[in-house]
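# A look at the structure
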Amino acid sequence: MSGPRPVVLSGPSGAGKSTLMKRLMKDHEDVFGFSVSHTTRNPRPGEEDGKDYHFTTKEAMQEGIDNGEYIENAEFSGNLYGTSKAAIEDVQAKNLICILDVDIQGVKRIKETDLNPIYISIQPPSMEILEKRLRDRQTETEESLQKRLEAARIDMELSNEPGVFDVVIINDDLERAYEELKDILSDDIQKVQEAKS
Ligand SMILES: Nc1ncnc2c1ncn2[C@@H]1O[C@H](COP(=O)(O)OP(=O)(O)OP(=O)(O)O)[C@@H](O)[C@H]1O
Ligand SMILES: Nc1nc2c(ncn2[C@@H]2O[C@H](COP(=O)(O)O)[C@@H](O)[C@H]2O)c(=O)[nH]1
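Residues numbered from 1 in each chain as written. Chains lettered and ligands numbered in written order. Predicted model: local features only at pLDDT ≥ 70, side-chain atom pairs only at ≥ 80, totals over all residues. Heavy atoms only, no water.

## Focus: the sheet that holds strand β1 (residues 7-10)
An order of β2-β7-β1-β8-β9 is seen for the five strands of this open sheet, with the pairing classed as parallel. Either end of the sheet is taken by a strand with one partner, and the two such strands are β2 (32-34) and β9 (167-170). Adjacent strand axes in the sheet meet at a mean angle of 25° when their direction is disregarded. The sheet contact formed by strand β8 (residues 118-123) and β9 spans four bridges and is parallel. Across the sheet, Gln123 pairs through a bridge with Ile170, a residue of β9. (Pairing = 2+ DSSP bridges. Helix = DSSP H or I, 4+ residues; strand = E, 2+ residues; numbered from the N terminus. Axes fitted to C-alpha atoms, helices over the stretch in contact; angles between N-to-C directions.)

## Re the UniProt feature "coiled-coil region" (unreviewed entry) in the protein
Those places that UniProt annotates as "coiled-coil region" (unreviewed entry) correspond, in this numbering, to residues 135-191. Along residues 135-191 the backbone is 67% helical and 7% strand, and the end-to-end C-alpha distance reaches 39 Å. (UniProt positions renumbered as here; feature names shortened; annotations may be inferred.)

## Focus: the side chain of Thr83
Residue position: Thr83 is located in strand β6 (residues 79-84). For Thr83, a relative accessible area of 0% puts it in the buried group. (Buried < 20%, exposed > 50% of the residue type's maximum accessible area, 1.4 Å probe, protein only.)

## Quick word on the site of ligand 1
Around ligand 1 sit 14 residues in total, of which Ser13, Lys17, Ser18, Thr19 and Arg137 are the nearest. Between Arg137 and ligand 1, the recorded distance is 2.8 Å, taken from a side-chain N or O atom to an oxygen atom. Coverage of ligand 1 by the protein chains reaches 74% of its 630 Å² of free accessible surface. Here ligand 1 is seated within the largest pocket. Taken together, the elements giving at least two residues each to the shell around ligand 1 come down to α1 (17-27) and α5 (127-137). (Near = heavy atom within 4 Å. Polar contact = N/O pair within 3.5 Å; in protein donor to acceptor, adjacent residues only side chain to side chain. Areas by Shrake-Rupley, 256 points an atom, 1.4 Å probe, with all protein chains shown as cover. 1 Å grid on protein atoms, 1.4 Å probe; cavity = no way out; pocket = protein on both sides within 12 Å on 5 of 7 lines; lining within 4 Å. Sits in = over half its atoms within 2 Å of the grid points.)

## Looking at the environment of Ser13
The topology assignment puts Ser13 in the loop between β1 and α1. On a C-alpha basis, the gap between Ser13 and Gln123 in space is 9.4 Å, while along the polypeptide they are 110 residues apart. Among all residues touching Ser13, those that are not within four sequence positions of it are Phe76, Leu130, Leu134, Arg137 and Arg148. At a separation of 2.8 Å, a polar atom in the side chain of Ser13 contacts the side chain of Arg148. (Contact = heavy atoms within 4.5 Å.)

## With respect to the UniProt feature "domain: Guanylate kinase-like" (unreviewed entry) in the protein
Following the UniProt record, one finds the feature "domain: Guanylate kinase-like" (unreviewed entry) at residues 4-186. With 42% helix and 21% strand, the stretch residues 4-186 has end C-alpha atoms that lie 13 Å from each other.

## Brief notes about the site of ligand 2
Taken together, 18 residues lie around ligand 2, and Ser37, Arg41, Tyr53, Tyr81 and Asp101 are the ones closest in. At 2.7 Å from an oxygen atom of ligand 2 is found a side-chain nitrogen or oxygen belonging to Arg44. Here Arg148 contributes a side-chain N or O atom positioned 2.7 Å from an oxygen atom of ligand 2. Taking 510 Å² as the accessible area of ligand 2 by itself, protein coverage stands at 95%. The site holding ligand 2 turns out to be the largest pocket. Contributions of two or more residues to the shell around ligand 2 are made by β5 (70-76) and β6.

## Let's talk about the layout of surface pockets
Taken as a whole, the largest pocket spans an internal volume of roughly 1,200 Å³. As for the largest pocket, its lining consists of 46 residues, and the residues nearest its centre are Lys17, Ser18, Arg44, Tyr53 and Asp101. Listing elements by their share of the lining of the largest pocket, those giving two or more residues are α1, β5, β6, α4 (104-110), α5 and α6 (142-158). The class makeup of the residues in the lining of the largest pocket is 17 nonpolar, 13 polar and 16 charged. Forming the walls of the second largest pocket are 13 residues, and the residues nearest its centre are Ser77, Asn79, Glu140, Ser144 and Arg148. Of the residues forming the lining of the second largest pocket, the biggest block, four residues, is contributed by α6. Classifying every residue of the lining of the second largest pocket by side-chain character gives no nonpolar, seven polar and six charged. (Points joined across faces, edges and corners; volume = space filled by probe spheres on them. Nonpolar A, V, L, I, M, F, W, Y, C, P; charged D, E, K, R; others polar.)

Laid out in structure tokens, this is it:
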């Protein structure tokens, strides 16, 4: 795969990946492109098909997986999620830094490919704060919330293993976490901006 080095953002559901990523993309127009994943979960209010996700069915997604259309896929909280090869190629064709938002299973699978991204884990300051953020977001049923908290416990353990992530950012204060993320990517951002000027 070619173009600027991709960025994988991972970490528990509710840790703040989308919040940080959306801000990064808004502040750096024409630098980043989001790898739009496929999922079988239902859209949340405000989510757009083709922009936030490609919302699909289990059957259609399984067919794509069987046909080798995905670089990785995983089951998370009872739904399928996956990164298609096309999603990454779309971004790389524009010479943008491709950002992938995937769970820890996705991280492990991407490590088996030749994508060679920077791996960044976004972690919450504590389980209690994570639970509060997820509850306040009002996107989950009690059942899906509990599944996400269980997955979060596993994620928080695995992300501390040496060598899994290049950087772990604790998203306590949003401003500080955002500055840290920007700093980590500043050389890559500059390279893309220079190539475009
Ligand atoms: N530093 C922070 N302080 C307080 N609230 C935050 C902070 N960062 C994010 N939030 C809030 O926490 C909630 C979860 O954030 P977000 O949706 O970005 O998480 P996520 O990691 O992308 O979750 P998912 O993996 O489920 O998509 C949102 O309501 C967001 O506004
Ligand atoms: N392995 C993959 N994980 C993905 C992908 N797209 C998103 N995700 C992860 O799923 C959970 C839940 O997301 P949500 O939007 O339902 O809250 C979260 O951890 C994401 O990082 C993917 O393509 N592959």
